[in-house]
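# Report on the structure
Residues per chain are reported as follows:
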Amino acid sequence: MKLVSILKLQLLLQLREGKKYGYELMKGSEVLLGKKISPSQIYPFLAELQKSRLIKIVKRSARDKKLYSLTEKGKIFSENTLQRLDSMFALANRDRIKKCAHCGCFVYGKSFTKSGKHFCCGSCANNF
Ligand SMILES: [Zn+2]
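Numbering of residues starts from 1 in every chain and runs along the sequence as written. Whole-chain, interface and lining totals are the exception, using all residues; otherwise, since this is a predicted model, local features are given only for residues with pLDDT of at least 70 and side-chain atom pairs are given and counted only at 80 or more.

## Details of the nonpolar core
Nonpolar side chains tend to gather and get buried jointly when the protein is soluble and globular. Each nonpolar core comprises buried Ala, Val, Leu, Ile, Met, Phe, Trp, Tyr and Cys residues, the members being joined through C-beta atoms within 7 Å. Partly exposed residues are those whose C-beta has more than 12 but fewer than 20 other C-beta atoms within 10 Å; with 20 or more the residue is buried, with 12 or fewer it is exposed, and the C-beta atoms are placed from the backbone. By size, the foremost hydrophobic cluster in this structure holds twelve residues: L11, L12, L15, L25, I42, L46, L49, L54, I55, Y68, L70 and F77. Where this core is concerned, the elements lending two or more residues are helix 1 (6-16), helix 3 (39-51) and strand 3 (66-70). A pair of residues counts as a contact when their C-beta atoms, built from backbone coordinates, are separated by no more than 7 Å. Apart from the residues within four sequence positions on either side, Y68 is in contact with L15, K19, K20, G22, L25, L46, I55 and I57. The way it works is that DSSP assigns letters per residue, a run of H or I at least four long becomes a helix, a run of E at least two long becomes a strand, and they are numbered from the N terminus.

## Concerning the domain arrangement of the protein chain
If you check the domain split of the protein chain, you get domain 1 (6-91) and domain 2 (95-127). Computed from C-alpha coordinates alone, the two centres of domain 1 and domain 2 are separated by 38 Å. What counts as a domain boundary in this text is fixed by an automatic or database domain assignment.

## Regarding the sheet that holds strand 2 (residues 55-60)
Only strands that DSSP links by at least two bridges are regarded as paired with each other. The three strands are arranged 1-3-2 in an open sheet whose pairing can be described as antiparallel. Two strands in the sheet have a free side with no partner beyond their single neighbour: strand 1 (20-21) and strand 2. Pairing analysis gives two bridges linking strand 1 to strand 3, with the strands arranged antiparallel. Within strand 3, the residue paired with K20 across the bridge is Y68.

## What to know about unusual backbone geometry
Its identity as a non-glycine residue notwithstanding, D64 has a phi of 60 degrees, on the positive side. Mapped onto the fold, D64 is located in the loop between strand 2 and strand 3. Of note in this structure, S115 is not a glycine but carries a positive phi near 40 degrees.

## Notes on the packing of helix 1 against helix 4 (residues 72-92)
Contact geometry of helix 1 with helix 4 gives a least axis separation of 10 Å together with a crossing angle of 115 degrees. On the basis of the axis angle, helix 1 is roughly perpendicular to helix 4. Classified by chirality, the crossing of helix 4 by helix 1 is left-handed. Contact residues: helix 1 offers L9, L12, L13 and R16, while helix 4 offers G74, S78 and T81. For the contact of helix 1 with helix 4, the per-class residue count stands at three nonpolar, three polar and one charged. Here an angle of 0 to 180 degrees is reported between the N-to-C directions of two axes, which are lines fitted to C-alpha atoms, with helices fitted over the stretch in contact. Angle categories are assigned with fixed cut-offs, so that under 35 degrees is roughly parallel, over 145 is roughly antiparallel, 65 to 115 is roughly perpendicular, and the rest are oblique. Crossings are assigned a handedness: left-handed for a near helix turned anticlockwise from the far helix by less than a right angle, right-handed for a clockwise turn. Polar here means any residue other than Ala, Val, Leu, Ile, Met, Phe, Trp, Tyr, Cys and Pro, which are nonpolar, and Asp, Glu, Lys and Arg, which are charged; Gly is therefore polar.

The following block contains the structure:
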């Protein structure tokens, strides 16, 4: 299976947290993507992920509500994908990562600056 649209990927990532109903996945996608998602957008993807054996239905309730879970293959796939994305983001954010001049730890995003040097916290800045 090729990578996957953002929607598919984030469905897998949601399922890494545990079993979820289709409706929960839909709501979760809306939050993650910041826009309204319809069942007709979610269910074809779920069917496709199921066909690729990345997810499975673990429970089916009365009104045909389905509880989804990652399969072993799905766990490995999402783990690998996350690792790849992780290195991509690390690369993209390289210049946002600073090293504390005092303790040497890495700071992501906003760092303390004092006389042109970066620090992880006020205490490191004062003790430098
Ligand atoms: Zn520090």
